[in-house]
Amino acid sequence: MDPATARASHRKRKHKRRYDGQQGMASGDDDAALALFRFHESRGGVRALVESGVTTVPPLFLAPTAPVSSAAVNFVVPSVDLSLPRSDAVALVRAAARSSGIFQVTNHGVPAGTVDSALSVVRAFNEQPFAARSPLYSVSSTGAVTYATVPIPRPTDGQPVTTPLLSWRDSLILRFDDRPRDPDLRNLPAACRDSLLEYRRSLTRLGKEIAGLLAEGLGVGAERLDPVEGVLMQCHYHPPCPEPERALGSREHTDGSLFTVLSQDGVGGLQVRLDGGEWVDVAPGAGTLLVNIGDVLKVVSNDEYTSVEHRVVIKSAQEPRVSIALFFNPAKHGETDFVFGPLPELVTEEKPARYRSLSWQQMLDNRSALGHAKPSALDQFRVTASLS
Ligand SMILES: O=C(O)CCC(=O)C(=O)O
Ligand SMILES: [Fe+2]
């Protein structure tokens, strides 16, 4: 190979690695990696594909098996009425966080208009002409605001190349970590910016209340999970899909957060996996707020609480679906990485620490290397019982 060809080939491989986030791909994946590269270069997201009139799901998005849910199980997401006396609300939160790892909150004090408006500005952002939204397109995981079709890393479980690389959704991502003030969102249309900041302000109050209830449910002081902050806001737009049963809106994963507050419109598609078994639908309720437990809280609670595995299937060939996930973590300002482990109060002789302490960065590194699904990156930090 002459030096120029070798350099070009090296550049191509580097590009591929940057975009698929995986090291050492098999050469059989080359075409998929190039298709992924080209897709990102086009800067229009899934929405642009749909606008171009695709009638089939391109291979980059193909789910390996039809993502069916169990019709046999009638899953009703636990509901917590936040206007109940505190001890009752704590008991409900505790039961839900221990069993399914997801619950819905009612009487939460977040105005319905705040949620509706946030969902509709996300939809409007994505439905702007290509020229208005594509300048923000970036797969970088830094920056105050980015817009992209973001892949969730594939589990490295030896699945064949047909594993989908991309989810059928475009995400507008706002990052609030490391910043004492609101991030610079000047690139967003003003109405979009104002609604999303108001949404975050309102949900931050709710997040603090939920953190207190979750802490009390563990039998520790409310302040033990405080201060929390909505550090990352992912606003997802799932364009109508010509073959809904062949794509996934989101691959299966657990969230890396303490907990996540999720709102969605009435289209539906969110599913959870019960006890690592069957996938079941979470019935949509337009504007309802769901709380799901993430991996940080699973560790901090020493496995008292469970992080819920979830995914999004595409329900409609006509209707787009919009959802907003606000991820809550311990507040951190500046450069210091936060380290977390089982709370000392929850470690006893009968129940020793199930995890070693780990830093947020270690957790992120493991998630991108091993994928976000179970068996999870977290298992790397699990303390295994000594056999001797
Ligand atoms: O779109 C949804 O309902 C779920 C989104 C989600 O799971 C996430 O952003 O982590
Ligand atoms: Fe999630």
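Residues numbered from 1 in each chain as written. Chains lettered and ligands numbered in written order. Predicted model: local features only at pLDDT ≥ 70, side-chain atom pairs only at ≥ 80, totals over all residues.

Asks: So what about the overall build of the protein chain? Which residues, and what values?
Replies: Within the protein chain, the secondary structure is distributed over nine helices and 14 strands. By residue count, 42% of the 388 residues in the protein chain fall in the buried class. For the protein chain, restricting intrachain contacts to residue pairs at least 6 apart in sequence, the fraction spanning at least 24 positions comes to 76%. (Helix = DSSP H or I, 4+ residues; strand = E, 2+ residues; numbered from the N terminus. Buried ≥ 20, exposed ≤ 12 C-beta atoms within 10 Å, placed from the backbone. Contact = placed C-beta atoms within 7 Å.)

Asks: Kindly report on the nonpolar core, identifying the contributing residues and their values.
Replies: The biggest cluster of nonpolar side chains holds 90 residues, and the ones touching the most others in it are Val93, Val122 and Leu214. Sort the elements by how many residues they give to this core and helix α7 (residues 190-217) lands first, with ten residues. (Core = buried A, V, L, I, M, F, W, Y, C linked by C-beta atoms within 7 Å.)

Asks: Account for the pairing of strand β7 (residues 259-264), naming residues and giving values.
Replies: Across the six residues that make up β7, a large majority, six, are buried. Because side chains alternate across β7, one face comprises the buried residues Phe259, Val261 and Ser263, and the other comprises Thr260, Leu262 and Gln264, equally buried. Both β7 and strand β10 (residues 289-293) contribute to a ladder of five bridges, which runs antiparallel. Counted as the bridge partner of Ser263 is Leu289 from β10. (Pairing = 2+ DSSP bridges.)

Asks: Run through the site of ligand 1, naming residues and quoting values.
Replies: What surrounds ligand 1 is the set Gln234, His236, Ser250, Asp255, Leu262, Gln264, Leu270, His310, Val312, Ser323 and Ala325. Elements supplying a minimum of two residues to the shell around ligand 1: β5 (228-238), β7, β11 (310-313) and β12 (321-330). Of the residues that constitute the shell around ligand 1, the class distribution is four nonpolar, six polar and one charged. (Near = placed C-beta within 6 Å. Nonpolar A, V, L, I, M, F, W, Y, C, P; charged D, E, K, R; others polar.)

Asks: Can you tell me about the sheet that holds β11, naming the residues and giving the values?
Replies: Sheet architecture is open: four strands sit in the order β6-β11-β8-β9, paired in antiparallel fashion. Single-partner strands in this sheet number two, and they are β6 (248-253) and β9 (279-281). In this sheet, neighbouring strand axes are inclined to one another by 30° on average, regardless of whether the strands run parallel or antiparallel. As judged from the three bridges shared by β6 and β11, these two strands associate in the antiparallel manner. Within the sheet, the bridge partner assigned to Leu248 lies in β11 and is Val313. (Axes fitted to C-alpha atoms, helices over the stretch in contact; angles between N-to-C directions.)

Asks: Could you give an account of the packing of helix α5 (residues 112-126) against α7, naming the residues involved and the relevant values?
Replies: Between α5 and α7, the shortest axis-to-axis distance is 9 Å and the interhelical angle comes to 140°. When the axes of α5 and α7 are compared, the pair comes out oblique. With respect to the hand of their crossing, α5 and α7 are arranged in left-handed fashion. Contact residues: α5 offers Thr114, Val115, Ser117, Ala118, Val121, Ala124 and Phe125, while α7 offers Ala191, Cys192, Ser195, Leu196, Glu198, Tyr199 and Ser202. (Parallel < 35°, antiparallel > 145°, perpendicular 65-115°, else oblique. Left-handed = near helix turned anticlockwise from the far one by under 90°.)

Asks: Which residues make up the pairing of β10, and what values go with them?
Replies: Burial runs high along β10: five of the five residues are buried. The alternating pattern of β10 places Leu289, Val291 and Ile293 and Leu290 and Asn292 on opposite faces, both of which are buried.

Asks: Quick one: what's the story with helix α9 (residues 360-370), residue by residue and with numbers?
Replies: Every α-helical turn comprises 3.6 residues, leaving residues that sit three or four positions apart pointing alike. Of the residues making up α9, those classed as buried are Met363, Asn366 and Arg367. Viewed end-on, α9 has its buried residues packed into an arc of 100°, placing them on one side of the element. Those residues of α9 that are buried are in contact with β14 (358-359). Looking one or two residues beyond α9, the residue adopting positive phi is Gly371, at roughly 90°. (Arc of directions from axis to C-beta.)

Asks: Break down the UniProt feature "domain: Fe2OG dioxygenase" (unreviewed entry) in the protein chain for me, citing the residues and quoting the values.
Replies: Those residues carrying the UniProt feature "domain: Fe2OG dioxygenase" (unreviewed entry) are residues 227-330 in this numbering. Across residues 227-330, helical content stands at 6% and strand content at 47%; the span's end C-alpha atoms are separated by 6 Å. (UniProt positions renumbered as here; feature names shortened; annotations may be inferred.)

Asks: Residue-level account of the environment of Pro64, with values.
Replies: Mapped onto the elements of the fold, Pro64 is located in the loop between α3 (45-51) and β1 (79-81). The sequence separation of Pro64 and Leu248 amounts to 184 residues, and the corresponding C-alpha distance is 10.0 Å.

Asks: Account for α7, naming residues and giving values.
Replies: The end-to-end C-alpha distance of α7, which contains 28 residues, comes to 40 Å, matching closely the 40 Å that a straight helix rising 1.5 Å per residue would cover. Gly219 occupies a position one or two residues after α7 and carries a positive phi of about 80°. (Expected span 1.5 Å × (residues − 1).)

Asks: Before we move on, could you go through the sheet that holds β10 and cite the residues and values that matter?
Replies: Taken together, the eight strands give an open sheet; going across it, the order is β1-β2-β10-β7-β12-β5-β4-β3, and neighbouring strands pair in mixed fashion. Looking at which strands have only one partner, the edges of the open sheet turn out to be β1 and β3 (145-148). In this sheet, adjacent strand axes meet at a mean angle of 25° when their direction is disregarded. Taken together, the three bridges between β1 and strand β2 (residues 102-106) define a ladder with parallel strand orientation. The residue bridging Val80 from the neighbouring strand is Val105, located in β2. α5 contacts β4 (170-175), β5, β7 and β12 of the sheet and is inclined by roughly 115° relative to β12.

Asks: Pulling in residues and values, what's your account of unusual backbone geometry?
Replies: Asp226 connects to Pro227 through a cis peptide bond whose omega is 0°. Here Pro227 lies in the loop between α7 and β5. Even without glycine at this site, Arg43 takes up a positive phi of about 60°. By the secondary structure assignment, Arg43 is in the loop between α2 (30-42) and α3. Of note in this structure, Asn302 is not a glycine but carries a positive phi near 55°. Tracing the backbone shows Asn302 in the loop between α8 (295-300) and β11. Its 21 C-beta neighbours within 10 Å are what place Asn302 among the buried residues.

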